[in-house]
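For reference, the chains in residue letters:
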Amino acid sequence: MPVRASSRAVQGQEAAVTVGLLAAVLDQELLGATLRPWPRQLELLRGLDDPAIRTHLLAIGRQSGKSTMVAMLAVHDAALRPDLDAVLPRGRVRYVLVASPSEDQSREFVGLCAGIIEASPLLAPMAEVKADRIDFHLPSGAHTAIQALAANSRSVRGKTAS
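The model shown is predicted, which means the values in this text are computed figures rather than measured ones. (Residues numbered from 1 in each chain as written. Predicted model: local features only at pLDDT ≥ 70, side-chain atom pairs only at ≥ 80, totals over all residues. Heavy atoms only, no water.)

Enquirer: Mind showing me how you'd approach helix α3 (residues 39-48) here?
Expert: Each full turn of the α-helix corresponds to 3.6 residues, which orients residues three or four apart in the same direction. Residues of α3 that are buried include every one of Q41, L42, L44 and L45, and no others. Summarising the axial view, the buried residues of α3 lie within an arc of 165°, below the 170-degree limit, and thus occupy one face. Among the structural elements, α2 (21-26) and α4 (66-79) are those in contact with the buried residues of α3. (Buried < 20%, exposed > 50% of the residue type's maximum accessible area, 1.4 Å probe, protein only. Helix = DSSP H or I, 4+ residues; strand = E, 2+ residues; numbered from the N terminus. Arc of directions from axis to C-beta. Contact = heavy atoms within 4.5 Å.)

Enquirer: What exactly am I supposed to notice about the pattern of salt bridges here?
Expert: Pairing between side chains becomes possible if they bear opposite charge and their charged atoms approach one another. Applying the stated rule across the entire model yields seven salt bridges. The closest approach of N and O atoms between D77 and R94, which form a salt bridge, is 3.6 Å. Here the residue D77 occupies a position in helix α4, and R94 occupies one in strand β1 (residues 93-100), the gap between them amounting to 17 residues. For D77, a relative accessible area of 10% corresponds to the buried category. Among the residues examined, R94 registers a relative accessible area of 2% and is labelled buried. With its nearest N and O atoms 2.8 Å apart, the salt bridge here joins D85 to R94. Each of the salt bridges in this network shares a partner with another, and the network as a whole consists of D77, D85 and R94. (Salt bridge = Lys/Arg side-chain N within 4 Å of Asp/Glu carboxyl O.)

Just distances and angles here, no functional claims.
Written as structure tokens, this is what we have:
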């Protein structure tokens, strides 16, 4: 059984809580509506959810669900981490930056994130999906965005990334 925050807490009717990545992935109303992760993916997501581990290096083969796992991580980071919002001055946008070799690949990744969000009855009302970014207007008043960029030094300057 997944441990999860109540729907009301996520929608902001109660004090904001941080919902863990693994709990959100297993929750059908949050990130879990679009797929059932394989046991190995769950193990990797559990490791990403561990605050004691700050740097992750994963060697994962082709067609192993890397993009899907990272999309879940990006949506979780943008929508379900009020602890990260608290470190920014009010009115600033917190960005989850997605860098890919090309703009087309970054946009494809944003589309994958959009599919996860649209399947979630709790996240969809908070999100505004565009071709190259997804803006979140969170119940706490915080604004976050998942932004797709081509991987070059000019495109990432000046963004407040988490």
